[in-house]
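Notes for the structure review
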Amino acid sequence: MRYKKVGIVGVGNVGSTIAYNLALKNICDEILLKDLREDFTKAMALDISQAASSVNSKTLIQDITKDEEFKACDIVVITAGVPRKPGMSRDDLLYTNAKIMNTIVQNIVKYNEDAILIIVSNPLDAMVYTALKVSKWTRNRVIGMAGILDSSRMAHFIKKKIGNKKVEAMVLGGHGDEMVPLIKETKVEGVSLDEVLNENEINDVLEKTKNGGLEIVKLLKNGSAYYAPAQGVILMLEAILENKEVILPCAVKLEGEFGYENVVTGVPIILGKSGAKKIIEKQLTKKEKEQFSSSISSVKTLIDKLEENSSN
Ligand SMILES: NC(=O)c1ccc[n+]([C@@H]2O[C@H](COP(=O)([O-])OP(=O)(O)OC[C@H]3O[C@@H](n4cnc5c(N)ncnc54)[C@H](O)[C@@H]3O)[C@@H](O)[C@H]2O)c1
Ligand SMILES: O=C(O)C[C@H](O)C(=O)O
């Protein structure tokens with residue numbers, strides 16, 4: 001079996017939770033951790049290594065300080081950046097996190113031309129766009145995590161209404177206030193959501209899903225969610241490391257799909273060892289098409305701001 005290495009840049013709440021869960025899964029040989037906070041990262045590497053030992057995981061966890069070390073990584077996850085605080089939207093993080101993303105991606109591509117980048121930092125779709133632009137890599141290898149998180153939130157709020165049944169939810173579009181939950185594609189024990197819940201109940205689920213991140217930000221007061229986001233990344237890492245070719249909603253650049261191009265948004269993709277193998281063009285209803293279009297416009301506004309800022 002080939003030696004498999006995963007890098008994580010940004011070892012805060014989300015990054016360290018990804019590292020911990022990945023180490024316990026025993027599905028890669030090495031995890032490299034890099035953060036500006038060097039002692040903290042060293043502590044994380046030790047603590048997670050000791051947890052991995054308790055389950056006899058083969059995964060080695062190392063803290064690193066030089067980007068050169070990313071040279072043999074199959075995948076690099078980027079969670080570095082600032083999380084929002086109460087009163088802020090994800091979009092308020094645009095310029096701060098774009099600057100961080102820019103530097104990190106430049107430094108990775110200096111030493112590694114072949115990895116897959118999984119982007120987590122917010123505002124997510126604009127950060128994927130930034131990583132694509134800086135790396136100049138093909139879109140199948142620069143993918144954002146958000147749709148899995150939004151879908152898992154939707155599933156959670158449905159379960160709160162119907163109890164513990166099998167729920168498969170599907171949320172597309174940008175990771176912002178205008179995300180696009182697909183009602184017909186969301187199934188409870190294989191049955192469409194609109195056959196299980198009434199309109200009022202569905203509207204309540206949708207509202208709570210859209211505000212799922214904000215609800216946690218308000219409660220935490222000094223950061224944002226990390227267990228569910230980390231789990232979203234774990235599903236992507238498993239799909240790539242084990243070439244699962246599963247369908248997951250992820251943020252990728254559109255090149256004509258759904259009628260849009262040169263914009264990043266959440267769409268169902270087949271995810272495997274080469275990254276995003278294929279985009280699945282779901283049929284959207286008239287209302288969903290309108291919502292998707294408005295979500296795309298919001299992401300385009302952020303991309304335009306970044307382009308304008310970089311030309312000044
Ligand atoms: N896509 C999603 O669904 C999703 C979900 C949760 C969080 N997020 C985003 O992920 C990011 C991280 O969230 P968090 O809760 O882990 O925040 P955090 O503050 O706990 O961790 C961020 C880490 O990034 C590090 N960092 C900053 N600049 C760096 C650089 N140049 N190089 C290396 N490390 C650097 C910080 O030192 C810190 O340890 C935020 O932007 C947040 O909004 C996105
Ligand atoms: O809400 C946030 O700012 C973090 C993340 O995007 C989330 O949805 O939990």
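No experiment lies behind these values; they were computed from the predicted model shown.

Splitting the chain by domain gives domain 1 (5-144) and domain 2 (147-307). Averaged C-alpha coordinates put domain 1 and domain 2 at centres separated by 21 Å. The partner domain 2 presents 36 residues to the 35 residues of domain 1 that form the contact.

The predicted model of the chain averages 97 in pLDDT, with 100% of residues at 70 or higher. This complex was scored by the predictor with a pTM of 0.98 and an ipTM of 0.99.

Another point: the pairing of strand 13 (residues 261-272). Residues in a regular strand point their side chains to alternate faces of the sheet. Inspection of the sheet shows strand 12 (residues 246-255) paired to strand 13 by 10 bridges, in the antiparallel sense. Residue pairing across strands places Ile247 opposite Ile270, the latter belonging to strand 13. Here strand 12 folds back onto strand 13, and the loop between the two strands holds 5 residues, one of which, Gly256, carries a positive phi near 105 degrees. Where strand 13 and strand 14 (residues 275-279) come together, 4 bridges link them in antiparallel fashion. Within strand 14, the residue paired with Ile270 across the bridge is Lys278. Connecting the antiparallel pair strand 13 and strand 14 is a turn made up of 2 residues.

Moving on, we come to the UniProt feature "active site" (unreviewed entry) in the chain. The UniProt feature table records "active site" (unreviewed entry) at His175. Within the fold, His175 resides in the loop between strand 8 (171-172) and strand 9 (180-181). When neighbours within four sequence positions are excluded, His175 is seen to be in contact with Leu124, Asp125, Ala146, Asp150, Ala251 and Gly266.

All buried positions along helix 7 (residues 212-220) are accounted for by Gly212, Gly213 and Val217. Mapping the buried residues of helix 7 onto a view down its axis gives an arc of 135 degrees, with all of them on the same face. Along helix 7, exposed side chains directed more than 90 degrees from the buried face belong to Glu215, Lys218 and Leu219. Looking at the packing, one finds that the buried side of helix 7 touches helix 5 (147-162) and helix 6 (199-210). In the stretch just after helix 7, Lys221 is the one whose phi turns positive, near 70 degrees.

This part takes up the UniProt feature "binding site: substrate" (unreviewed entry) in the chain. On the UniProt side, "binding site: substrate" (unreviewed entry) is annotated at positions that read Arg84, Arg90, Asn122 and Arg153 here. Here Arg90 is to be found in the loop between strand 4 (75-78) and helix 3 (94-111). By the C-beta count within 10 Å, which is 26 here, Arg90 ends up buried. Other than its neighbours up to four places away in sequence, Arg90 contacts Arg84, Asn122, Pro123 and Gly176. On the basis of neighbour count, Arg153 is assigned to the buried category, with 25 C-beta atoms found within 10 Å. Once residues lying within four places of it in the same chain are set aside, the contact partners of Arg153 are Thr209, Gly212 and Ala228.

Cut-offs and rules
Residues numbered from 1 in each chain as written. Chains lettered and ligands numbered in written order. Predicted model: local features only at pLDDT ≥ 70, side-chain atom pairs only at ≥ 80, totals over all residues. Domains from an automatic or database assignment. Contact = placed C-beta atoms within 7 Å. pLDDT = per-residue confidence, 0-100. Pairing = 2+ DSSP bridges. Helix = DSSP H or I, 4+ residues; strand = E, 2+ residues; numbered from the N terminus. UniProt positions renumbered as here; feature names shortened; annotations may be inferred. Buried ≥ 20, exposed ≤ 12 C-beta atoms within 10 Å, placed from the backbone. Arc of directions from axis to C-beta.

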